[in-house]
Amino acid sequence: MKRSSQNTALRNIAIIAHVDHGKTTLVDQMFKQSGVFRPGQEVAERVMDSLDLERERGITIAAKNCSVYWQDVKINILDTPGHADFGGEVERALMMVDGVLLLVDASEGPLPQTRFVLKKALDAGLKIIVVINKIDRKDARPKEVLDEIYNLFFDLDATEEQIDFPVLYAVGREGIAQKSAEEQGRDLASLFQAILEEIPPPVYDPDEPFQMLVADLDYSDYLGRLAVGKVFHGRVGCNEEMVCLDREGKALPLRVSKLQVYDGINLKEVETAQPGDIIILAGIEEVAIGDTICTREAPKALPRVSIDEPTISMRFTSNTSPLAGREGKYVQSGKIRERLYKESLRNVAIRVEDAEEADNFIVKGRGEFQMAILIETMRREGFELMVGRPQVIYKQKSGKTLEPIEHLFIDCDENFIGAVSEKLSRRKGRMVNLVNHGSGRVRMEFTIPSRSLIGYRNEFLTDTKGTGIMNSYLKGYEEYRGSFPLRLTGSLVADRQGEAVSYALFNLEPRGSLFLTPGEPVYEGMIVGEHNRESDLNVNPCKMKKLTNMRASNKDDAIQLTPVIPLTLEKAIEFIKDDEMVEVTPRSIRLRKAFLSAETRHRLRAERLNS
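Note that the coordinates shown come from a computational prediction; the quantities given were computed from them, not determined experimentally.

A closer look at the overall build of the chain
A tally of helices and strands in the chain yields 16 helices and 37 strands. Going through the 611 residues of the chain one by one, you find that 54% of them count as buried. Within the chain, contacts between residues separated by at least 24 positions form 71% of all contacts whose residues are at least 6 apart in sequence. For the chain, the exposed area adds up to about 28900 Å²; of that, 47% sits on carbon and sulfur atoms.

Observations regarding the packing of aromatic side chains
Under the defined criterion, the tally for this structure stands at seven aromatic pairs. Centre to centre, the rings of Phe153 and Phe165 are 4.6 Å apart; their planes meet at 40 degrees, and the pair counts as tilted. Of this pair, Phe153 sits in helix α5 (residues 142–155) while Phe165 is found in the loop between α6 (160–163) and β7 (167–171), placing the two residues 12 residues apart along the sequence. Assessed through its relative accessible area of 0%, Phe153 is described here as buried.

Considering unusual backbone geometry
A positive phi is found at Gln71, a non-glycine position, where the angle reads about 50 degrees. Positive phi, close to 65 degrees, is recorded for Asp72, a residue that is not glycine. Summarising the element assignment, Asp72 is placed in the loop between β3 (64–70) and β4 (73–79). Note on Asp72: relative accessible area 72%, which makes it exposed.

Considering helix α9 (residues 368–380)
Spanning 13 residues, α9 covers 18 Å between terminal C-alpha atoms, matching the ideal 18 Å at 1.5 Å per step. Counting buried positions along α9 gives 11 out of 13 residues, so the element sits mostly inside the fold. Every buried residue of α9 is accounted for by Glu368, Phe369, Gln370, Met371, Ala372, Ile373, Leu374, Ile375, Glu376, Met378 and Arg379. In the segment just after α9, Gly382 is the residue with positive phi, at about 105 degrees.

Considering the environment of Ser502
Structurally, the position occupied by Ser502 is in helix α13 (residues 502–508). Along the primary structure Ser502 and Ile559 are separated by 57 residues, whereas in three dimensions their C-alpha atoms are 7.3 Å apart. The contact partners of Ser502, leaving out residues within four places of it in the chain, are Pro518, Ile559 and Leu561.

Comments concerning the nonpolar core
Core analysis: the biggest nonpolar cluster contains 46 residues, and Leu118, Ile128, Ile132 and Phe153 have the highest contact counts within it. Leaving out residues up to four positions away in the same chain, Ile128 has contacts with Val100, Leu102, Leu118, Ala121, Leu122, Phe153, Phe165 and Pro166. Counting 28 residues, the second largest nonpolar core, distinct from the first, contains Phe316, Val352, Val387 and Val582.

Concerning the pairing of strand β20 (residues 312–317)
A regular strand carries its side chains on alternate faces of the sheet. The element β20 is extensively covered by neighbouring structure, given that five of its six residues are classed as buried. Bridge count for β20 against strand β24 (residues 391–392) is two bridges, and the pairing is antiparallel. Looking at β24, one finds that Ile312 is bridged to Val392. With two bridges joining them, β20 and strand β23 (residues 385–388) adopt antiparallel strand pairing. If you follow Phe316 over to β23, its bridge partner there is Val387.

Here's the deal with the pattern of salt bridges
Within the structure shown, the criterion is met by 37 salt bridges. For the salt bridge of Asp277 with Lys74, the shortest nitrogen-to-oxygen distance reads 3.5 Å. Of this pair, Asp277 sits in the loop between β17 (272–273) and β18 (278–282) while Lys74 sits in strand β4, and the two are 203 residues apart along the sequence. In this pair, the class of Asp277 matches that of Lys74, namely buried. In this structure, Glu607 engages Arg603 in a salt bridge whose closest nitrogen and oxygen atoms are separated by 3.6 Å. You can see Glu607 and its partner Arg603 sitting in helix α16 (residues 598–610), four residues apart, about one turn around the helix. Salt bridges linked by common partners bring Asp105, Lys134, Arg137 and Asp139 together as one network.

Points about the pairing of strand β6 (residues 127–133)
Most of β6 is tucked away: six of the seven residues are buried. With seven bridges connecting them, strand β5 (residues 99–105) and β6 associate as parallel partners. Counted as the bridge partner of Asp105 is Asn133 from β6. Pairing of β6 with β7 involves three bridges; the strand directions are parallel. By the bridge assignment for β7, Val130 is matched with Val167.

Structural notes on the packing of helix α8 (residues 333–346) against α9
The packing of two helices is summarised by the inter-axis angle and the distance between the axes. Contact geometry of α8 with α9 gives a least axis separation of 12 Å together with a crossing angle of 130 degrees. The angle between α8 and α9 places the two elements in the oblique class. As α8 runs across α9, the sense of the crossing is right-handed. Contact residues: Ile336, Arg339, Leu340 and Glu343 in α8; Leu374, Thr377 and Met378 in α9.

Regarding the side chain of Glu583
Inspection of the secondary structure assignment puts Glu583 in strand β36 (residues 580–584). Engagement of the side chain of Glu583 in a polar contact is seen with the side chain of Ser321, the distance being 3.1 Å. Excluding residues within four positions of it along the chain, Glu583 makes contact with Asn319, Ser321, Leu323, Leu385, Met386, Tyr523, Ser588, Ile589 and Arg590.

Thoughts on the side chain of Ser67
Within the element layout of this structure, Ser67 appears in strand β3. Within the structure, the side chain of Ser67 is placed 2.8 Å from the backbone oxygen of Tyr262, a separation counted as a polar contact.

Quick look at the confidence of the model for the chain
Considering every residue of the chain, the mean pLDDT works out to 82; 89% of them sit at 70 or more. Of the regions scoring below 50 in pLDDT, residues 37–63 engages in 75 contacts with residues more than four places distant in sequence or in other chains. In this model, residues 82–87 is a region of pLDDT below 50 whose contacts with residues beyond four sequence positions or in other chains number 26 contacts.

Overview of α16
With 13 residues, α16 extends 18 Å between its outermost C-alpha atoms, agreeing within 8% with the 18 Å of an ideal straight helix rising 1.5 Å per residue. With a side-chain oxygen lying 3.3 Å from the backbone nitrogen of Glu599, the N-terminal cap of α16 falls on Ser597.

Points about the state of the cysteines
Here a disulfide denotes a covalent bond joining the sulfur atom of one cysteine to the sulfur atom of another. Considering all chains together, one arrives at zero disulfides under this definition. Cys294 supplies the cysteine sulfur nearest to Cys244, a cysteine that is in no disulfide, at a spacing of 8.1 Å.

Thresholds, definitions, all that
Each chain has its residues counted from 1, following the order in which its sequence is written. In view of the model being predicted, local features appear only for residues whose pLDDT reaches at least 70, and side-chain atom pairs are presented and counted only at 80 or more, with totals across whole chains, interfaces and linings using the full set of residues. Working from all heavy atoms in the structure, the side-chain values ignore hydrogens and water. Elements are defined by DSSP. Helices are runs of H or I of four residues or more, strands are runs of E of two residues or more, and each kind is numbered from the N terminus. Exposure categories follow from relative accessible area, calculated using a 1.4 Å probe and restricted to protein chains: below 20% of the type maximum is buried, above 50% is exposed, and the middle band is partly exposed. The criterion used for residue contact is that any of the two residues' heavy atoms lie within 4.5 Å. Here the Shrake-Rupley method, with its probe set to 1.4 Å, supplies the accessible areas, and only the displayed protein chains count as covering residues. Paired rings are identified among Phe, Tyr and Trp, the last through its six-membered ring, by centres lying within 6.5 Å, and are further divided according to the angle between planes into stacked (under 30 degrees), edge-to-face (over 60) and tilted (the rest). A helix is expected to span 1.5 Å for every residue after the first. In this text, buried Ala, Val, Leu, Ile, Met, Phe, Trp, Tyr and Cys residues form a nonpolar core when linked through side-chain atoms within 4.5 Å. At least two DSSP bridges between two strands are required for those strands to pair. Salt bridges are counted wherever a side-chain nitrogen of Lys or Arg sits within 4 Å of a carboxyl oxygen of Asp or Glu. Convention adopted: a line fitted to C-alpha atoms gives each axis, helices being fitted over their contacting stretch, and angles between N-to-C directions are expressed from 0 to 180 degrees. The labels follow the angle: roughly parallel below 35 degrees, roughly antiparallel above 145, roughly perpendicular from 65 to 115, and oblique for the rest. Handedness of a helix crossing follows the sense of rotation of the near helix relative to the far helix, less than a right angle counterclockwise being left-handed and clockwise being right-handed. Contacts described as polar in this section are N or O atom pairs within 3.5 Å, which, within protein, must combine one atom able to donate a hydrogen with one able to accept it, while residues neighboring in sequence count only if both atoms come from side chains. The predictor rates its confidence in each residue with pLDDT, a number between 0 and 100. By definition, disulfides here are pairs of cysteine sulfur atoms that lie within 2.5 Å.

Set out below in structure tokens:
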């Protein structure tokens, strides 16, 4: 009969919340009040958002670990992303914890991404503590939000035990938590106390040998590959001989060269690790997320992490434009392939396959936002590459084509209901709910194909004059809803190589909106603007004015061009059609045709019409 013991000196928790509900700010205050930082120490805000992209965008992209001590109990905290596109990060984090802090904004209430992450936590049977944050907001409505949270739990088929959750009210920025909305809290003591009382300590079997599930990977120039994970049973010490069980059950030998645990936001070297702790282990090169590290004498694999299937694929390839190699450090396809496969090792939600064409790779993931973050990270590392339009991954079942369907939530001014619903119905969306609280804003819900949302975000912001909020999560697969026009405009395509000239651009402005400014390099097949009509138009952005006499030559000084809004990576990815690509370098984002030669494009179009 199995015996079970508890490691009462430990608690492992994850913090889950929608984007911008104050999760990372709350963790900052937990650090300060638990003594992680010494008095007077200068600390950056949102210390857990360590990546440049996270600080710039104000979101959490990668799940990260840290720890605090409260009443001699070590609390390992995992900060998880709030966006459904980074669901793989969430799943990895939930493998290592026994409970969850669900943080909800006191005004906005539980939003779609909250729903996505909470469903994962409930399915894993984790204990939930609800924290209603930002109760100091003028538009805070904690009672209504609590009712919405209960409805969400019922909606997600939570058990009776899970629905009986403790509730705390907080002002994360001030470092205050309290048991009721009325009382005046002073610090986070009630939050720490709730964690110790409500979150169960890690359970282990004292008779079982050492077992650790690899939930994350890291790399050190000095130690090589690092495996991060939770110790489920037993203990391990430095220099011990172990084995790593891979997906096929093959045992790879390893020696534990170094053991580390989380101490605040830093790592601390230890000689031994105890059951339930989250450790960083060095000593093996061939290791993947989901592998089990255990003893050589009694190798036994733990259940692997199961993740949702990818719904979007994108083509990555080396840069073949005439401007290739001028701005990037890594341009070879081999380097791009190596970087993509390295990403698939670290991120369980991303899969990489070699395409049929040479130097082409198919990357599969959860959404175009996840892809945009990967591409942005690569360009900052010095890569030059090209990417195609995101494609939805279809499934075949009983002779029918199934496609991924999103549950879409729209929050906008009631004046925009007509424009938004018309656009979404054209894209095969179906309205399932509309709530008007009489405040001037409405909340609409749609079910809509995933492919319909590619390229819609910018259009939505334009239609709602920048005031609309749009969120979605994957609902599941349904029968294909039919085709619809992706983009009602064509492209202005350069017909030669050279440099853009003010005179030429000024004369092109009536044809559509331009993407480039005078002096920028162009080449044949490069997209320089959006055409007003459906068809593509070959144009000459390098055309100089003929100088016939002195008086006419001075007129160029008065040319006033419409200001150009710089292309962002997300906007570029959403804009392109299937026969177009985005050229990404560390300094530039350009749009181009897959086939640069106008003659080749004309021939292919004729073949397509004749077939």
